[in-house]
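Understanding the architecture of this molecule
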Amino acid sequence: MKKPFETVRVITLRANAEPEAVSAQLQKLGLWLEPLQSGSERGFLVLEHSLPVLPHEILEIPGVSQVFTRPSEHPLCDRQEPISINGFELGSAPCLIVGPCAVESKEQLERAAENIAAVKSLFSHDTAKFGQVILRGGAFKPRTSPYSFAGLGEKALSWLKEVGEKHQFAVVTEVVSELNVKLVADYADMLQIGARNMQNFALLRAAGKAGRPLLLKRLPGSKIEDWLLAAEHALCAGSPGVVFCERGQSGSDPHTRNLLDLAAVAVLKELYGLPVLVDPSHGVGRRDLIPKLCAAACAAGADGVMIEYHPTPETAQSDGAQSVTKEDLRKIVTALSRGWACAHD
Ligand code: PEP
Ligand code: MN
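The shown structure was predicted, so the numbers you read here are calculated from the model rather than taken from an experiment.

Parameters and conventions
Residues numbered from 1 in each chain as written. Chains lettered and ligands numbered in written order. Predicted model: local features only at pLDDT ≥ 70, side-chain atom pairs only at ≥ 80, totals over all residues. Heavy atoms only, no water. Pairing = 2+ DSSP bridges. Helix = DSSP H or I, 4+ residues; strand = E, 2+ residues; numbered from the N terminus. Donors = N, O, S within 2.8 Å, 3.2 Å for Na, K, Ca; no water. Buried < 20%, exposed > 50% of the residue type's maximum accessible area, 1.4 Å probe, protein only. Lys, Arg positive; Asp, Glu negative; His and termini not counted. Salt bridge = Lys/Arg side-chain N within 4 Å of Asp/Glu carboxyl O. Contact = heavy atoms within 4.5 Å. Core = buried A, V, L, I, M, F, W, Y, C linked by side-chain atoms within 4.5 Å.

Once that is clear, we can look at the pairing of strand S1 (residues 6–13). Bridge analysis of S1 against strand S4 (residues 64–71) gives seven bridges, and the strand direction is antiparallel. Within S4, the position partnered with Val 10 by the bridge is Phe 68. Sheet analysis places S1 next to strand S3 (residues 41–46), joined by three bridges and oriented antiparallel. The partner of Val 10 across the bridge, within S3, is Leu 45.

Below you can see the structure in the form of structure tokens.
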């Protein structure tokens, strides 16, 4: 994997170079080219979808004169170090973030955590290396309708912390306003920036200063470059790390809630070597497809998944249809290790 801190745009040739011979060498490296002639200067324009190649590799080819590059606009993001959450290094084993869409009561969260803890023990018995389980649950919920349940706020945060500590789960929860960043960071180990807030730059900067790693969900319809730049905002403000989370793009088919973009996951991992998770729950909106998509996510290079689980999905205040059952959680653990094996063995 080559980190493209700079993108090669133009390659010029020496006066005595044979363009066909140089072009053949460049194509072997995975570059797609268009001939370029500017006055007496000859060379090539490097086209989209070329593989990342380092300038020095091109300069070694006989006949090449100069390589012109465009620097990355998100240098801090490109250079991110591996991220640890409560001592677990993301990427070292499959990570499962799981819990209810929204924290609805202390009893609901406790029951969810007990069932998740039972599944956590499966990880250690599974053939895969031990994976990390992180508890999720919304205390502040961004809702499309102002009349929908929007979370229980600080009360829910305190239950998350208490239940997380009891079961030794790190906790991730969403922050929806820069006014609440400090409050949420007092209770959570990781702060989630929801899809709708991916380009809320004031929130990104405030969350970046909170001293907690961020989980940055992707705004449907946004380009990967916009997602990387959003992370750069938080990193510029001092964030210790940003983990990306693909959660589905707007699609046109009603069978699934969204269109899960696993190609973007492969791009972030292969091209940029960045930490990335997949949220198939919001990606497809229905529980029956989730175990298979967990396997696919890890096979595409994801470091793990974020799943909505509710002890009684039929009573859920939000996202019941996509909340998996305890039985599904077992299938998910197996799916994660199988998908992980595809990408790592
Ligand atoms: C969530 O994770 O509960 C959520 C609201 O997700 P998103 O921001 O991806 O819609
Ligand atoms: Mn949800």
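Having seen the structure, we can now continue with the description.
Six octahedrally arranged donors around a metal ideally form angles of 90 or 180 degrees; four tetrahedrally arranged donors ideally form angles of 109.5 degrees. The protein atoms donating to the manganese ion (ligand 2) are Cys 101 (SG), His 282 (NE2), Glu 308 (OE) and Asp 319 (OD), with metal-donor distances spanning 2.0 to 2.4 Å. The motif formed by the donor residues of the manganese ion (ligand 2), counted along the single chain, is C-x180-H-x25-E-x10-D. Here His 282, found in helix H10 (residues 280–284), pairs with Glu 308, found in strand S14 (residues 304–308); they are 26 residues apart in sequence, far enough to count as distant. We note that His 282, like Glu 308, is buried.

Structurally, the position occupied by Glu 232 is in helix H8 (residues 224–236). For the buried Glu 232, which has no salt bridge, the nearest side chain bearing the opposite charge is Arg 79, at an N-O separation of 7.7 Å. Beyond its immediate chain neighbours, meaning those up to four positions away, Glu 232 contacts Glu 73, His 74, Pro 75, Leu 76 and Cys 77.

Attention now goes to the nonpolar core. Among the nonpolar cores identified, the biggest contains 69 residues, and Leu 191, Leu 216, Phe 244, Ile 307 and Ile 332 are the most heavily contacted of them. Once you skip the residues sitting within four places of it in the chain, Leu 191 turns out to touch Val 172, Thr 173, Val 175, Val 181, Val 184, Ala 185, Ala 207, Ala 210, Arg 212, Pro 213, Leu 214 and Leu 215.

Bear in mind that shape data such as this cannot, by itself, settle questions of function.
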